[in-house]
Each structure stands twice: as structure tokens, then as C-alpha cells.
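Report on the structure
Chain by chain, the residues run as shown.
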Amino acid sequence: QVNLVESGGGLVQAGGSLRLSCAASSRTSSFSGYGMGWFRQAPGKAREFVAAISRGGGTTSYADPVKGRFTISRDNAKNMVYLQMNSLEREDTGVYYCAAARRPIATMTVAYDYWGQGTQVTVSS
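Small disclaimer: the values here were computed from a predicted structure and weren't measured.

What follows covers the side chain of Ser54. The topology assignment puts Ser54 in the loop between strand S5 (48-53) and strand S6 (60-62). On the accessibility criterion, Ser54 (11% relative accessible area) is buried. Of note is the side chain of Ser54, whose polar atom sits 3.3 Å from the backbone nitrogen of Gly58.

This is how it looks when you write it as C-alpha cells:
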């Protein structure tokens, strides 16, 4: 079992930046054994992939709409994963979820085993 808690969401103007954080905890497994990802869900839409990072942090993957603007990173010593979001657009509005997968890295929602409760990001024009 892995518990994930997101933070850092909020209201920001278009063009601004936010940094999301996800704190992971587990009594039975090591954080470094999980591929980690960020997903988002806008009102009325399905949850979609945003970014993923491999267990050791050496490999990352991004959805096309966020490439060049978002950066995912992790700190295995602190059991943390981050999403730095720059040049935010109104289309980035949604609830952002952190997720953990028992595999090296994954981009599909069904590949993830544990999910946080989400943090709201609202981008105003």
C-alpha cells in the first residue's frame, strides 16, 4: 500500500507557474520501486496523462500538450515527486493527481496502482 498526498495547487494567471508536490508513504515497500506519474482531469473530461518518471528518475515522458512547459522530477531520499509547471494556459485547468505504478515507468491510467486525492489547479486568463 502506498499513500500519496498532493499539494501546491491553486489559482494562477495564464503565463504563470506552479510547482506541485506529491508526498509518498508506505510501510511495506520502497518508494524507489515505483514509477511515478501525474495525471489531470478537467470538468466533464476523462482523466489524462501529463507526465511520468522512472523509478530512478533517469527517464521521463510527457504528454504532447505539456512538453517544453512542464518538468517532472523525484527525490527518492525524501519520497517526493514534483511537477514544475511553467507558461500555464487555461487548458491546464483541472484536478492534478499523483500516481504510483509497480513498474519502471508508465503513461496509461490503467497501469497505475495507487492514486492521491488530487489538487486543484485553476488558470485564469
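Across all of its chains, the model carries 5 aromatic pairs by this definition. Taken together through their ring pairs, the aromatic side chains of Phe39, Phe49, Tyr112 and Trp115 make up a single cluster. Lying across the ring of Tyr82, Arg19 places its NZ or CZ 4.0 Å from the centre. Positioned above the aromatic ring of Trp115, the side-chain terminus of Arg47 is 4.8 Å from the ring centre.

Ranked by size, the top nonpolar core spans 37 residues in total, and within it Leu4, Met36, Trp38, Val81, Leu83, Met85 and Tyr96 carry the most contacts. For this core, the elements supplying multiple residues, two or more each, are strand S3 (18-25), strand S4 (35-41), S5, strand S7 (70-75), strand S8 (80-85), strand S9 (94-101) and strand S11 (119-124).

Okay, the sheet that holds S3 next. Within a sheet, each strand pairs with its neighbour through backbone hydrogen bonds, oriented either parallel or antiparallel. Read across the open sheet, the 4 strands follow the order S1-S3-S8-S7; overall the sheet is antiparallel. Looking at which strands have only one partner, the edges of the open sheet turn out to be strand S1 (3-7) and S7. The mean inter-strand angle of the sheet, taken between neighbouring strand axes irrespective of direction, is 15°. Here 6 bridges tie S7 to S8, and the two strands are oriented antiparallel to one another. Residue pairing in the sheet places Ser73 in a bridge with Tyr82 of S8.

Structurally, Arg74 is set in strand S7. For the buried residue Arg74, which engages in no salt bridge, the nearest side chain bearing the opposite charge is Asp75, 8.3 Å off. A polar side-chain atom of Arg74 sits 2.8 Å from the main-chain carbonyl oxygen of Tyr34. In terms of polar contacts, Arg74 uses its side chain to reach the backbone carbonyl oxygen of Ser54, at 2.8 Å. Each residue touching Arg74, except ones within four places of it in the same chain, is listed here: Phe31, Ser32, Tyr34, Gly35, Met36, Ile53, Ser54, Arg55, Gly57, Met80 and Val81.

On to the pattern of salt bridges. Tallied over the entire structure, the rule returns 6 salt bridges. Across the salt bridge formed by Arg69 and Glu89, the nearest N and O atoms sit 3.8 Å from each other. In this pair, Arg69 sits in the loop between S6 and S7 while Glu89 sits in the loop between S8 and S9, placing the two residues 20 residues apart along the sequence. Overall, the relative accessible area of 35% leaves Glu89 in the partly exposed class. Measuring nitrogen to oxygen at the nearest pair gives 2.8 Å for the salt bridge that ties Asp92 to Arg69.

With the rule as written, the count across this model stands at 1 disulfide. Disulfide pairing places Cys22 opposite Cys98 at an S-S distance of 2.1 Å. Given an S-S torsion of about -80°, the disulfide between Cys22 and Cys98 has left-handed geometry. On the criterion of sequence distance, the pair formed by Cys22 in strand S3 and Cys98 in strand S9 is long-range, its members being 76 residues apart.

Definitions and cut-offs
- Here the residue numbering is sequential within each chain, running from 1 through the sequence in written order.
- At least 70 in pLDDT is required for a residue's local features to be given in this predicted model, at least 80 for side-chain atom pairs to be given and counted, and no such filter applies to totals for whole chains, interfaces and linings, which use all residues.
- By convention in this description, side-chain values take in all heavy atoms of the structure and omit both hydrogens and water.
- For helices the rule is a DSSP run of H or I covering at least 4 residues; for strands it is a run of E covering at least 2, with both sets numbered from the N terminus onward.
- The rule is simple: take the accessible area with a 1.4 Å probe, protein chains only, and divide by the maximum for that residue type; under 20% is buried, over 50% is exposed, in between is partly exposed.
- The definition of a polar contact used here is a pair of N or O atoms within 3.5 Å, where within protein one atom must be able to donate a hydrogen and the other to accept one, and adjacent residues in sequence count solely through side-chain atom pairs.
- Two rings from Phe, Tyr or Trp (for Trp, the six-membered ring) form a pair when their centres are within 6.5 Å of each other. A pair whose planes differ by under 30 degrees is stacked, one over 60 is edge-to-face, and the rest are tilted.
- We call a charge positioned above a ring when the Lys NZ or Arg CZ atom is no farther than 6 Å from the ring centre and deviates by at most 35 degrees from the ring normal.
- Only buried Ala, Val, Leu, Ile, Met, Phe, Trp, Tyr and Cys residues count toward a nonpolar core, and they belong to the same one when joined by side-chain atoms within 4.5 Å.
- A pair of strands is considered paired only if DSSP assigns at least 2 bridges between the two.
- Angles here are taken between N-to-C directions and fall from 0 to 180 degrees, while the axes themselves are lines fitted to C-alpha atoms, restricted in helices to the stretch in contact.
- For the charge count, each Lys or Arg is scored as positive and each Asp or Glu as negative, with His and the chain ends excluded.
- For this analysis, a salt bridge means a side-chain nitrogen from Lys or Arg found within 4 Å of a carboxyl oxygen belonging to Asp or Glu.
- Residue contacts follow a heavy-atom distance rule, with two residues in contact if any of their heavy atoms lie within 4.5 Å.
- Here, a disulfide means two cysteine sulfur atoms that sit within 2.5 Å of each other.

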